[in-house]
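Structural description and commentary
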Amino acid sequence: MVMVVLFLGWIFVWIMISTNLYKSKWTPELAKYLNTTYFGPRGINLVLLTVPMMFIAVLSCVYLHVQKKPTQTQREWKVKGKMGRVMMVMNPLGIVTFTELTFSLLFVALLFWALYNYLYSSYHIHLHNHDNAKIWQAKLRAFGLRIGYVGHYCWAFLFFPVTRASTILPLIGLTSESSIKYHIWLGHISNFCFLVHTVVFLIYWAMINKLTETFAWDPTYVPNLAGTIAIVIGIAIWVTSLPFFRRKKFEIFFYTHQLYGLYIIFYVMHVGDSWFCMILPNIFLFFIDRYLRFLQSTKRSRLVSARILPSDNLELTFSKTPGLHYNPTSILFLHVPSISKLQWHPFTITSSSNLEKDTLSIVIRRQGSWSQKLYTHISSSIDSLEVSTEGPYGPNSFDISRHDSLILVGGGSGMTPFISVIRELIFQSQNQSTKLPDVLLVCAFKHYHDLALLDLIFPSDISVSDISRLNIRIEAYVTRENEKPEITDDRRLLQTKWFKPHPLDSHISPVLGPNNFLWLGVVILSSFIMFLLLIAIVTRYYVFPVDHKKGKTYNFSYRALWDMFLGCVCIFISSSIVFLWRKKQNREGDKESKKQVQSVEFQIPTSSPGSWFRSHERELESVPYQSIVQATSVHFGSKPNLKKILFEAEGSEDVGVMVCGPRKMRHEVARICSSGLAKNLHFEAISFNW
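Each value, and the rule that gives it
Residues numbered from 1 in each chain as written. Predicted model: local features only at pLDDT ≥ 70, side-chain atom pairs only at ≥ 80, totals over all residues. Heavy atoms only, no water. Helix = DSSP H or I, 4+ residues; strand = E, 2+ residues; numbered from the N terminus. Buried < 20%, exposed > 50% of the residue type's maximum accessible area, 1.4 Å probe, protein only. Contact = heavy atoms within 4.5 Å. Areas by Shrake-Rupley, 256 points an atom, 1.4 Å probe, with all protein chains shown as cover. Pairing = 2+ DSSP bridges. Axes fitted to C-alpha atoms, helices over the stretch in contact; angles between N-to-C directions. Phe/Tyr/Trp six-rings, centres within 6.5 Å; stacked < 30°, edge-to-face > 60°. Lys NZ or Arg CZ within 6 Å of the ring centre and 35° of its normal. Core = buried A, V, L, I, M, F, W, Y, C linked by side-chain atoms within 4.5 Å. Expected span 1.5 Å × (residues − 1). Bend = angle between axes of the 7 residues up to and from the residue. 1 Å grid on protein atoms, 1.4 Å probe; cavity = no way out; pocket = protein on both sides within 12 Å on 5 of 7 lines; lining within 4 Å. Points joined across faces, edges and corners; volume = space filled by probe spheres on them. Nonpolar A, V, L, I, M, F, W, Y, C, P; charged D, E, K, R; others polar. Patch = residues over 30% accessible without salt bridge, like charges linked within 9 Å, V, L, I, M, F, W, Y side chains within 5 Å. Salt bridge = Lys/Arg side-chain N within 4 Å of Asp/Glu carboxyl O. Lys, Arg positive; Asp, Glu negative; His and termini not counted. Charge placed at Lys NZ, Arg CZ, Asp CG, Glu CD. Disulfide = S-S within 2.5 Å.

1. Structural notes on the overall build of the protein
Scanning the protein from terminus to terminus reveals 20 helices and 17 strands. Going through the 690 residues of the protein one by one, you find that 53% of them count as buried. Long-range pairs, those at least 24 residues apart, make up 79% of the contacts in the protein with a sequence separation of at least 6. If you sum the accessible surface of the protein, you get close to 31900 Å²; carbon and sulfur atoms cover 62% of it.

Written out as structure tokens, the structure reads:
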């Protein structure tokens, strides 16, 4: 309730900040108390727009640490059941739920409200015309200025979705990977506003013969050159983030996006320290997350083994600490320095942290240049590979037993998230009192050898008793082959490679160890308090004396640089101290965990059951894998009739539908579930469009 009240108050300030009432009456009164000699003109925005969100971030860490997971799960899914219904499916927005549509419309309304108030103030109350231009020219300038203000609103939310270890997103049932589309939407809107802002000012300066203003750097006011540099960088990031570059030219998209640091620096220098405080919370939290991810990535992860499947897929198995917990559909970011010094790629985790205490597995499909190089590396004669990891990242809670039945629809490698879902059900089946849903896995593959992915559904050391309560049916569709091909060479079916441990290897663990959320709250709180203290000291004893010397004003850009510099210093100091302290505390546990990992490394089989490629006469080596074959129906030369499959589940009261795969498949399932013809279908899409 405290967080809700703070958030509503924060939104209220954003609603009012564009009004003449706020500017002419509230601001002068607030300035008397908040714009002190310790914080200067940034005091109002710091107190009203920065402090509340930072306080929410700290409270959310405590909340996520002490919450009871079953209670939270029920509450979260109750909200999703009412407001998570699909409302529309259309490009380029994709699948839009009722909640997303509602908040999107409210946000757009806020932007139009702000633009209306700003223009009303400029056109009807006070029109700035210092250049003695014509009235219509001055109004054009005012429009360009105000549309830039609207773009600034977007920047207050822009970095929340890309904060991977965010503690704010889980409060509303979101994860970073599911929120990327919000970052994309906000990026499009803000860059469009800034582009219009730039073009209007260029036209205005051209009309009054002052185009040189484009490159002016006023030490006491807004530096135009900083804005020019920022928009050039912004356009480069914007253009290369369009779908063509993001999907076809990933390297261009990735490396151009690394310019975001320069973009922020020049943008903040352009808008100044007071306006920087309006958008500070999401940037501050993003850089805390980014630096902690950097600290985690400096460790070399222990790669135990790799299985090369005949379907151009790799399964990599890492060692992890038993205390590392993650939920199904989580992802892990992977970095292989021998392939690329900068690139990180996300991959689906197929293991269950409850079922497999000491290992973590991911599946990688060979399809891009990076994964092609990795596949070649693994397939060669190497016996060691340097790998760094970030994560895991995923939903804070995941209750899959709430449904009477579960339909999992996957296309190609899109079925890999469901491996972790099924393994989690296997773990839950060990509790005899847990009611398990009936599971229907519908998967479509291009070729018959892709069926090898189904061999990964059960862990290698599973027993018959572990899966006895699991009621699973698999409908597999091979779309580009009309019959089962003849397999003559069993040796090429699967290879398993073991990697020698390296002295610098360490198991995957939470970046701040056990109680990760609580210690993240300590980092956020300590770094922000340190930031406030240093800003107060610098402003009072360095900036303030200069401002009050006769005829002098402290440099406008330097104020913003101080804020950015001190913010980075505080994040660096606080995060480093907590990280090193926690690393020291966990050192003994790490040694013990490494011993445990060594004892279980050899549980992964060195040969595949080959259940999809052996002849019918040959006896299957593993009864659990035999269970997969018996539960599977393979259909050749056709695609699944999703409408028929989903409507046939109408007999169950509550059917959970999850889909992951090509966009067309996700959209088709979403349209069926939102059609209203089957009210018992509860839809959720899993998309990893980074």
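2. Regarding the sheet that holds strand 7 (residues 345–348)
In spatial order, the strands read 7-6-9; together these three strands make up an open sheet with antiparallel pairing. Of all strands in the sheet, those with a lone pairing partner are strand 7 and strand 9 (388–393), marking the two edges. Across the sheet, the mean angle separating the axes of adjacent strands is 25° when strand polarity is ignored. Across four bridges, the pairing between strand 6 (residues 331–335) and strand 7 is antiparallel. Each bridged residue has a counterpart across the sheet, and for Ile331 the counterpart in strand 7 is Thr348.

3. Structural notes on the sheet that holds strand 8 (residues 359–365)
Taking strand neighbours across the sheet as the criterion, the four strands line up as 8-5-4-13 in an open arrangement whose pairing is antiparallel. Each of the sheet's edge strands pairs with one partner strand only, and the pair in question is strand 8 and strand 13 (495–498). For this sheet, the mean inter-axis angle between neighbouring strands, taken without regard to orientation, is 20°. Two elements, strand 4 (residues 303–308) and strand 13, share four bridges in a ladder whose sense is antiparallel. When the bridges of strand 13 are listed, Arg307 appears paired with Thr496. Packed on one face of the sheet, helix 13 (residues 369–379) meets strand 4, strand 5 (313–319), strand 8 and strand 13 and runs near 70° to strand 5.

4. As for unusual backbone geometry
A cis geometry characterises the amide bond from Gly391 onward to Pro392, with omega recorded as 5°. Here Pro392 shows up in strand 9. For Asn209, which is not a glycine, the phi torsion comes out positive at approximately 60°. On the secondary structure map, Asn209 appears in the loop between helix 7 (180–207) and helix 8 (224–240). Unlike most non-glycine residues, Thr329 shows phi in positive territory, near 75°. If you trace the backbone, Thr329 turns up in the loop between strand 5 and strand 6. Overall, Thr329 belongs to the buried group, its relative accessible area being 7%.

5. What to know about the packing of aromatic side chains
Scanning the entire structure with this criterion turns up 37 aromatic pairs. For the pair Phe107 and Phe157, a centre-to-centre distance of 5.4 Å together with 85° between the ring planes defines the contact as edge-to-face. Residue Phe107 is found in helix 5 (residues 98–125), and its partner Phe157 is found in the loop between helix 6 (135–155) and helix 7; the two are separated by 50 residues along the sequence. Taken as a pair, Phe107 and Phe157 share a single burial class, namely buried. For Arg366, the ring lying beneath its charged end belongs to Tyr375, and the centroid distance is 4.0 Å. Its guanidinium or amino end placed over the ring of Tyr541, Arg540 lies 5.3 Å from that ring's centre, counting from NZ or CZ.

6. Some details on the nonpolar core
Counting residues in hydrophobic clusters, the biggest one holds 88 residues, and the most contacted among them are Trp155 and Ile524. Top element by residues in this core is helix 12 (residues 273–297). It accounts for 12 residues. Discounting chain neighbours no more than four positions away, the residues touching Trp155 are Ser190, Phe194, Tyr263, Ile264, Tyr267, Ile279, Asn282 and Ile283.

7. Quick word on helix 3 (residues 43–66)
In this model, helix 3 (24 residues) spans 33 Å end to end at C-alpha, consistent with the 34 Å of a helix rising 1.5 Å per residue. Where helix 3 bends most, the angle comes to about 35°, and this point is Thr50, followed within four residues by the proline Pro52.

8. Brief notes about empty space enclosed by the protein
A complete count under the given rule lists three cavities of 30 Å³ or more for this structure. The computed volume of the largest cavity comes to approximately 40 Å³. What lines the largest cavity is Gln296, Lys299, Ser301, Thr389, Ser506, His507, Ile508 and Ser509. Among the residues forming the lining of the largest cavity, the class breakdown is one nonpolar, six polar and one charged.

9. Side note on the environment of Leu259
The residue Leu259 is located in the loop between helix 10 (250–257) and helix 11 (260–271) in this model. Taking the relative accessible area as the measure of exposure, Leu259 reaches 33% and is therefore partly exposed. With 26 residues separating them along the chain, Leu259 and Ile233 place their C-alpha atoms 7.2 Å apart. Leaving out residues up to four positions away in the same chain, Leu259 has contacts with Ile233 and Ile237.

10. Brief notes about the environment of Ser633
Looking at the secondary structure, you find Ser633 in strand 15 (residues 632–636). For Ser633, a relative accessible area of 32% translates into the label partly exposed. For the pair Ser633 and Ile474, spaced 159 residues apart in sequence, the C-alpha separation works out to 6.3 Å. Those residues in contact with Ser633 that sit more than four places away from it in its chain are Ile474, Glu475 and Ala476.

11. Quick look at a positive patch on the surface
Positive charge collects at one region of the surface, where Lys446, Arg480, Lys639 and Lys664 lie side by side. If you trace the backbone, Lys639 turns up in the loop between strand 15 and helix 19 (642–647).

12. What to know about a nonpolar patch on the surface
Nonpolar side chains collect at one region of the surface, where Leu259, Leu262, Ile265, Tyr558 and Leu561 lie side by side and expose about 400 Å² of accessible area between them. At the level of elements, helix 11 and helix 16 (556–585) are the ones that each hand at least two residues to the nonpolar patch. With respect to the element layout, Ile265 can be found in helix 11. For Ile265, a relative accessible area of 34% puts it in the partly exposed group.

13. Observations regarding the pattern of salt bridges
What the rule picks out here adds up to 16 salt bridges. Across the pair Asp383 and Lys500 runs a salt bridge, and its minimum N-O distance is 3.3 Å. Linking Asp383 in the loop between helix 13 and strand 9 with Lys500 in the loop between strand 13 and strand 14 (505–506), this pair joins segments that are 117 residues apart in sequence. A residue is classified by how much of its surface remains accessible, and Lys500, at 53% relative accessible area, is exposed.

14. A few points about the state of the cysteines
Taken as a whole and judged by the stated rule, the model has zero disulfides. The closest cysteine sulfur to the non-disulfide-bonded Cys568 is located on Cys570, 9.3 Å from its own sulfur.

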